[in-house]
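One-letter residues, chain by chain:
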Amino acid sequence: MDTRAPLHPGAIAVFGAGSIGAYVGGALLGAGAGVTLLGRARMRQRIAEHGLHLTDLQGRELLLDGARVPYADDPAMLAALSQPALILVTVKSADTAAAAEAIRAHAHPSALVLSLQNGVGNAATLRRLLPGWTVLAGMVPFNVVQMPDGRLHRGTAGELMVEASPALAPWRAAFRAAHLPLGECADFDAVQWGKLLINLNNSVNALSGVPLVQQLRQRGYRRSLALMVDEGRAVLARAGIQPAKVVSVGPRAFSLILRLPDALFTRVAASMLKIDPEARSSMWEDLQAGRKTEVHYLNGAITALAASVGMDAPVNHRMTELVTAAEDGKQTTLSAIEMYRALSAAKA
């Protein structure tokens, strides 16, 4: 007999309230949704000290009193899973299996589970460990940086994309009200692989040590990214996967544009440079905080897929090695020339 508390139809839990989770959950909370953030004590302390302060590159700003933000950390976070009808999973990819086990043990089995994580295999992991549950994949195209003054700042554009499903009907209005409209897509595997190719820039930015807009203005960094994207496209083609266009151009054109000289790139790719000067990748933030990154779920995903179809992916493998070395406190930044030389040598 199931002794769990009855489902609360309007309740939302954000499981993994880091930068992205706290931003999405805070936006929903500010729009009137019933949200509980579930995360680590350090984010709870940050919110208690600064409030839940959200800003974005369009100039929107939301400040919620920290004392009025429902937040649960261990062990209370497990009890907080019992009633929400929607669970947004925003943990790092390495923590997906543990999140699934906690959901299975403590959440109501009719709750909708929506993965808003980087990488391509998280929803599959959740489905495997939550048989009989409704699990949907999602994609967050924008980045959120924890600023020194306590703000969570959204520095890039883009709208949430999710796997199309009738189960989303009760939640669409809440996300629209939070300025987070849900774009629904039937072929979500293609979307995730398309996003992963763009997310290969996370490692470039992490090792560049500079904000995204400064990094993208340097051809050596762009050419490094193009090497990884081209290798990823070749691996996907061998695997029979056609990645979706998730930015204004498709993956092939994206790679060609990245290789343009700086002056021409600035003119042709003006939309790519519409990035808040404060924006950086989440991988950079992880390195700064001394945390393990998701490089094995991004560049490493290309390497793993390559191995599964009898190919090598030496460029993405080399980048994985470079980021792993940075995690271990070895060389943590590379100039544009150093990075391009390292990746070109791997390809040779």
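Residues numbered from 1 in each chain as written. Predicted model: local features only at pLDDT ≥ 70, side-chain atom pairs only at ≥ 80, totals over all residues. Heavy atoms only, no water.

## Focus: helix α1 (residues 19–30)
For the record, the criterion: Comment: elements are numbered from the N terminus, with helices defined as DSSP H or I runs of at least four residues and strands as E runs of at least two. Here a helix's expected span is defined as the number of its residues, less one, multiplied by 1.5 Å. Working definition: with a 1.4 Å probe on protein chains only, accessible area under 20% of the residue-type maximum means buried, over 50% means exposed, and in between means partly exposed.
Helix length check: α1, at 12 residues, gives a terminal C-alpha distance of 16 Å against a target of 16 Å (1.5 Å per residue), a fit within 8%. In terms of burial, α1 is a largely internal element, 10 of the 12 residues being buried. Those residues of α1 not exposed but buried are Ser-19, Gly-21, Ala-22, Tyr-23, Val-24, Gly-25, Gly-26, Ala-27, Leu-28 and Leu-29. In the segment just after α1, Gly-32 is the residue with positive phi, at about 100°.

## Some points on the sheet that holds strand β7 (residues 112–115)
Worth spelling out the cut-off: Only when DSSP finds a minimum of two bridges between them are two strands counted as paired. Contacts were defined at the residue level, with two residues in contact if any of their heavy atoms lie within 4.5 Å. Axes here refer to lines fitted to C-alpha atoms; in helices the fit is confined to the stretch in contact. Angles between the N-to-C directions go from 0 to 180 degrees.
Read across the sheet, 8 strands follow the order β5-β2-β1-β6-β7-β8-β11-β12 without closing on themselves; strand pairing throughout is mixed. Each of the sheet's edge strands pairs with one partner strand only, and the pair in question is β5 (71–72) and β12 (183–185). With 2 bridges connecting them, strand β8 (residues 134–139) and strand β11 (residues 161–163) associate as antiparallel partners. By the bridge assignment, Met-139 is partnered in β11 with Met-161. Packing against the sheet, α1 makes contact with β1 (8–15), β2 (34–38) and β6 (84–89), and its axis sits at approximately 160° to β2.

## Quick word on the pairing of β7
To keep things clear, this is the line we draw: By convention, a crossover is right-handed whenever its connection, traced from the first strand over the helix to the second and viewed with the strands pointing away, goes clockwise.
Across the two faces of β7 the burial is the same, with Leu-112 and Leu-114 and Val-113 and Ser-115 all buried. Looking at chain direction, β6 and β7 are connected through 4 bridges and run parallel. For Val-89, the partnering residue across the bridge sits in β7 and is Ser-115. Once the chain exits β6 it traverses helix α4 (residues 96–106) before rejoining the sheet at β7, and the crossover so formed is right-handed.

## With respect to the sheet that holds strand β10 (residues 152–154)
Reading across the sheet, the 4 strands line up as β4-β3-β10-β9 and stay open at both edges, with mixed pairing between neighbours. Two strands bound the open sheet, and with one partner strand each, they are β4 (61–64) and β9 (144–146). On average, each strand axis in the sheet is inclined to that of its neighbour by 15°, with strand direction left out of account. Sheet topology places β9 next to β10; 3 bridges connect them, and they run antiparallel. The partner of Gln-146 across the bridge, within β10, is Leu-152. Contacts between α1 and the sheet are confined to β3 (52–56), β4, β9 and β10, with β3 contributing the most and set at about 95° to the helix. Contacting β3, β4, β9 and β10, helix α2 (residues 41–50) crosses the sheet at an angle of about 85° to β3.

## Description of the pattern of salt bridges
To keep things clear, this is the line we draw: A carboxyl oxygen of Asp or Glu within 4 Å of a side-chain nitrogen of Lys or Arg is what we treat as a salt bridge.
On inspection of all chains with the given rule, the structure shows 16 salt bridges. Notably, a salt bridge pairs Arg-40 with Asp-95, separated by 3.9 Å at the nearest N-O pair. Pair noted here: Arg-40 is in the loop between β2 and α2 and Asp-95 is in the loop between β6 and α4, with a separation of 55 residues, a long-range link. On the accessibility criterion, Asp-95 (32% relative accessible area) is partly exposed. Ionic pairing is found between Asp-149 and Arg-151, a salt bridge with its closest N-O pair at 2.9 Å. Its relative accessible area of 43% is what places Asp-149 among the partly exposed residues. Shared partners join several salt bridges into a network, and the residues in it are Lys-92, Asp-286 and Arg-291.

## Here we look at empty space enclosed by the protein
Condition: Both site types are read off a 1 Å grid over the protein atoms alone. A 1.4 Å probe that fits but cannot get out defines a cavity, while an open set with protein on both sides within 12 Å along at least five of seven lines defines a pocket; lining residues have an atom within 4 Å of a point. Grid points are joined across faces, edges and corners, and a volume is the space filled by probe spheres set on the points. Residues are grouped as follows: Ala, Val, Leu, Ile, Met, Phe, Trp, Tyr, Cys and Pro are nonpolar; Asp, Glu, Lys and Arg are charged; every other residue, Gly included, is polar.
Scanning the model with the defined rule gives 2 cavities of 30 Å³ or more in all. Estimated volume of the largest cavity: approximately 60 Å³. Every residue lining the largest cavity is listed: Gln-117, Asn-118, Gly-119, Val-120, Gly-138, Met-139, Gln-192, Lys-195, Leu-196 and Asn-199. Contributions of two or more residues to the lining of the largest cavity are made by β8 and α7 (188–199). Among the elements that line the lining of the largest cavity, the one with the most residues is α7, at 4 residues. Considered class by class, the residues forming the lining of the largest cavity number 3 nonpolar, 6 polar and 1 charged. Considering only enclosed or pocket space, the second largest cavity measures out at about 40 Å³ in volume. Lining the second largest cavity are Gly-194, Leu-197, Ile-198, Val-229, Ala-244, Lys-245, Val-246, Val-247, Val-249, Gly-250, Pro-251 and Phe-254. Considering every element that reaches the lining of the second largest cavity, the biggest residue donor is α7, with 3 residues. Split into classes, the residues belonging to the lining of the second largest cavity amount to 9 nonpolar, 2 polar and 1 charged.

## Quick notes on the layout of surface pockets
Approximately 200 Å³ is the volume found for the second largest pocket. As for the second largest pocket, its lining consists of 15 residues, and the residues nearest its centre are Ala-27, Arg-60, Leu-62, Ala-178 and His-179. Breaking the lining of the second largest pocket down by element, the ones donating at least two residues are α1, β3 and β4. Of the residues that constitute the lining of the second largest pocket, the class distribution is 8 nonpolar, 3 polar and 4 charged.

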